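Structure at a glance
Listed below are the residues making up each chain.
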Amino acid sequence: MLLIGVDTWPHIIWVSTISLIAILLFSAATMNWFVTRSRWWESAVLLLICFTLFRPDWWLNQISPPYQEAPASTFLATIEQAPADSRINFVVQGMDLMGDEVRKTVNVPLGEPGDAVARLRALGLGVSPLGDSVMINEVAFGSYAKRIGLDVGFEVVAVLKKAPQPSAAIPIGIALALTAGIAGLQFARMRAARVAPQS
């Protein structure tokens, strides 16, 4: 389980608990047995619940984009203002060594606060502002920047900043309510089977 962006104990406990519930529900769905033997649609709903618990952000992203694009001219200022050990998402485009046009989003760690140029140089990356654009003019051999596929001549075309979204607790709460609903149906079915007259 990756804990990227999880940096407090309450958050770790929350993520671990939800993940454990999702794993147990996945086992119940694949075995077709929750409180009692599941009907096919109950197993299907449990699988959907598992997905929701593991990836509540997927549902949120359908109604609210996770990032907003800022112009490349804000690239260096964004890096300089970023706190220690944060990360930055940005979009680059250019031509690779094979002559193919490349456009991709990259995410890089920024380490200690300081001058933007120095923070980028720690990643093996050198850039130069050109009006409203930013060009990559240096990528150190074997550096982090090289390993993620950045190259000299690529242009930073946008900076991606986290956009406000509804809380992930909303899809998680709905998923847990559906879980309780299925459990209630199965408990009722199990009790009905116990009191049914024997023929």
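An account of the accompanying structure is given in this report. (Residues numbered from 1 in each chain as written. Predicted model: local features only at pLDDT ≥ 70, side-chain atom pairs only at ≥ 80, totals over all residues. Heavy atoms only, no water.)

Moving on, we get to the overall build of the protein chain. Tallying secondary structure elements over the protein chain gives seven helices and six strands in all. Taken from N to C terminus, the helices and strands of the protein chain fall in the order α-α-α-β-α-β-β-α-β-β-α-β-α. Counting only C-alpha atoms, the protein chain reaches 85 × 40 × 30 Å along its principal axes. Looking at the protein chain residue by residue over its 199 residues, the buried ones come to 33%. (Helix = DSSP H or I, 4+ residues; strand = E, 2+ residues; numbered from the N terminus. Buried < 20%, exposed > 50% of the residue type's maximum accessible area, 1.4 Å probe, protein only.)

Within the secondary structure, asparagine 89 is located in strand β2 (residues 87–95). Engagement of the side chain of asparagine 89 in a polar contact is seen with the side chain of asparagine 107, the distance being 2.6 Å. Ignoring any residue separated from it by four or fewer positions in sequence, one finds asparagine 89 in contact with Tyr67, Val106, Asn107, Val159 and Leu160. (Polar contact = N/O pair within 3.5 Å; in protein donor to acceptor, adjacent residues only side chain to side chain. Contact = heavy atoms within 4.5 Å.)

Within the largest apolar cluster, 25 residues are counted, with the highest numbers of intra-cluster contacts made by Phe75, Ile88, Phe90, Leu125, Ile136 and Leu150. Every element with two or more residues in this core is listed here: α4 (75–81), β2, β3 (101–109), α5 (116–121), β4 (125–130), β5 (133–139) and β6 (155–162). In contact with isoleucine 88, not counting residues within four places along its chain, are Phe75, Thr78, Ile79, Val106, Asn107, Val108, Leu110 and Val159. Grouped together as the second largest cluster of nonpolar side chains are twelve residues, Leu25, Ala28, Ala29 and Leu46 included. (Core = buried A, V, L, I, M, F, W, Y, C linked by side-chain atoms within 4.5 Å.)

Positive phi is not limited to glycine here, since asparagine 32 has a value of about 55°. Mapped onto the secondary structure, asparagine 32 falls in the loop between α1 (9–31) and α2 (40–54). Even without being a glycine, aspartate 85 presents a positive backbone phi close to 60°. Counting through the fold element by element, aspartate 85 comes out in the loop between α4 and β2. Exposure remark for aspartate 85: the relative accessible area of 61% places this residue in the exposed category.

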